[in-house]
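Understanding the architecture of this molecule
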Amino acid sequence: MDLQQLIRKNIQALKPYSSARDEYTGEAMVFLDANENPFNAPYNRYPDPLQRELKVAISKQKSCEADQIFLGNGSDEPIDLLFRAFCEPGKDNIVTIDPTYGMYQVAADINNIEVRKVKLNDNYGFSAEALLEKTDKHTKLIFVCSPNNPTGNLLDNKELIKLIQTFEGLVILDEAYIDFAPGASLLPKLSHYENLVILQTFSKAWGMAGIRLGMAFANPEIIRVFNKIKYPYNINMLTQQKALELIEQEADKNQWVELLIQERKALEEKLSKLPFVVKVFPSDANFLLVKMYDARGIYDFLVENGIIVRDRSKVVLCDDSLRITVGSPEENQILLDKLNELL
């Protein structure tokens, strides 16, 4: 892969904005360089634009290098940056699986990039060959989500590796739900594949959706491109501080994941016994895709009773299906009790 051939020419020529905290890092007695208010410390100060301390903490946890990490406002920020850095509007295209996470399409539409979709098979699997056949000389990015959303299944590792090794552009592997999956993340193999970008998040297993912190892992050259075009202070001080706090509580996160996997199995078994449930699809995530008779009617019934799930019936290959997040044992029981009232 020749990264310079993939980067948009205007991005290559771009002179990035240099903030006060880019030009000076460290401690000092008096800071008079950033036009900050001298009162209301510490919130009067701009945050570290490169989140150095947080990246070091994450690198230790993930067994990677700090310069392989980009932190964004959710995973949606690096998704958008990938389009802005590598895809020429009105000219280039991306390839992705169908169905999958909807933000790939939205980010492409915002950036005026064609999206070429390849339907999953009946078991929600994919083949690298089918995706590669959709590419041409203007295909810069391939997006795959594993475990996939909304189907919940882990994609075949051999096919993923084949895709990464064969495609001459960037392969973006979205692992938002990887903590709930029995298969291992590809993150330990990151250094072997210079065209691989892995997305992970603090929103799911870590229970930090409210602080909006996503992670992109890639070779340092790609990370430098992200840093070149991101907004100067994209991760605020409060988010950085809270993430550093919660990273120290990894044992809690592991307990939550273990409990949710147990609850997922129990919920799958109980839902599958309901006469109006056609199929509960196998899941490697923290949710279940459930095909039902009269899915919309059941959705409306649950909403009327204060229980909110996601109707995915209009999504490709998900006809008459609801996506149900695995909640706490108490929440899951409330759901089941209410569904049993329909018997």
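Quick notes on the rules
Residues numbered from 1 in each chain as written. Predicted model: local features only at pLDDT ≥ 70, side-chain atom pairs only at ≥ 80, totals over all residues. Heavy atoms only, no water. Helix = DSSP H or I, 4+ residues; strand = E, 2+ residues; numbered from the N terminus. Buried < 20%, exposed > 50% of the residue type's maximum accessible area, 1.4 Å probe, protein only. UniProt positions renumbered as here; feature names shortened; annotations may be inferred. Phe/Tyr/Trp six-rings, centres within 6.5 Å; stacked < 30°, edge-to-face > 60°. Pairing = 2+ DSSP bridges. Contact = heavy atoms within 4.5 Å. Axes fitted to C-alpha atoms, helices over the stretch in contact; angles between N-to-C directions. Arc of directions from axis to C-beta. Polar contact = N/O pair within 3.5 Å; in protein donor to acceptor, adjacent residues only side chain to side chain.

1. Comments concerning the environment of Gly-297
Structurally, Gly-297 is set in helix H12 (residues 295-304). You can call Gly-297 partly exposed: its relative accessible area is 26%. Along the chain, Gly-297 and Ala-243 lie 54 residues apart, while their C-alpha atoms are 40 Å from each other.

2. Here's the deal with the UniProt feature "domain: Aminotransferase class I/classII large" (unreviewed entry) in the protein chain
Here the UniProt feature "domain: Aminotransferase class I/classII large" (unreviewed entry) sits at residues 42-339. Structurally, residues 42-339 is divided into 37% helix and 18% strand, and its ends, taken at the C-alpha atoms, are 50 Å apart.

3. A few points about the packing of aromatic side chains
Enumeration over the complete set of coordinates arrives at nine aromatic pairs. Relative to Trp-206, the ring of Phe-202 has its centre 5.7 Å away and its plane inclined at 55°; by these criteria the two rings are tilted. On the basis of relative accessibility, which here comes to 0%, the residue Phe-202 falls in the buried class. Classification of Trp-206 by relative accessible area gives buried; the value is 3%.

4. Things to note about the sheet that holds strand E8 (residues 277-280)
Two modes of strand pairing occur in sheets, parallel and antiparallel, and in both the strands are linked by backbone hydrogen bonds. Read across the sheet, four strands follow the order E8-E9-E11-E10 without closing on themselves; strand pairing throughout is antiparallel. Edge positions in the sheet fall to E8 and strand E10 (310-311), since each of these pairs with one other strand and no more. Packed onto the sheet, H12 meets strand E9 (287-292), E10 and strand E11 (321-325) and runs at close to 35° relative to E11.

5. Things to note about helix H8 (residues 157-166)
The complete set of buried residues in H8 reads Leu-160, Ile-161, Leu-163 and Ile-164. All buried residues of H8 lie within an arc of 160° about the axis, which places them on one face of the element. In H8, the exposed residues that point more than 90 degrees away from the buried face are Lys-158 and Gln-165. Contacts from the buried residues of H8 go to helix H7 (128-133), strand E4 (139-145), strand E5 (170-174) and strand E6 (196-201). The backbone nitrogen of Lys-158 has a side-chain oxygen 3.0 Å away, supplied by the residue at the start of H8, namely Asp-156.

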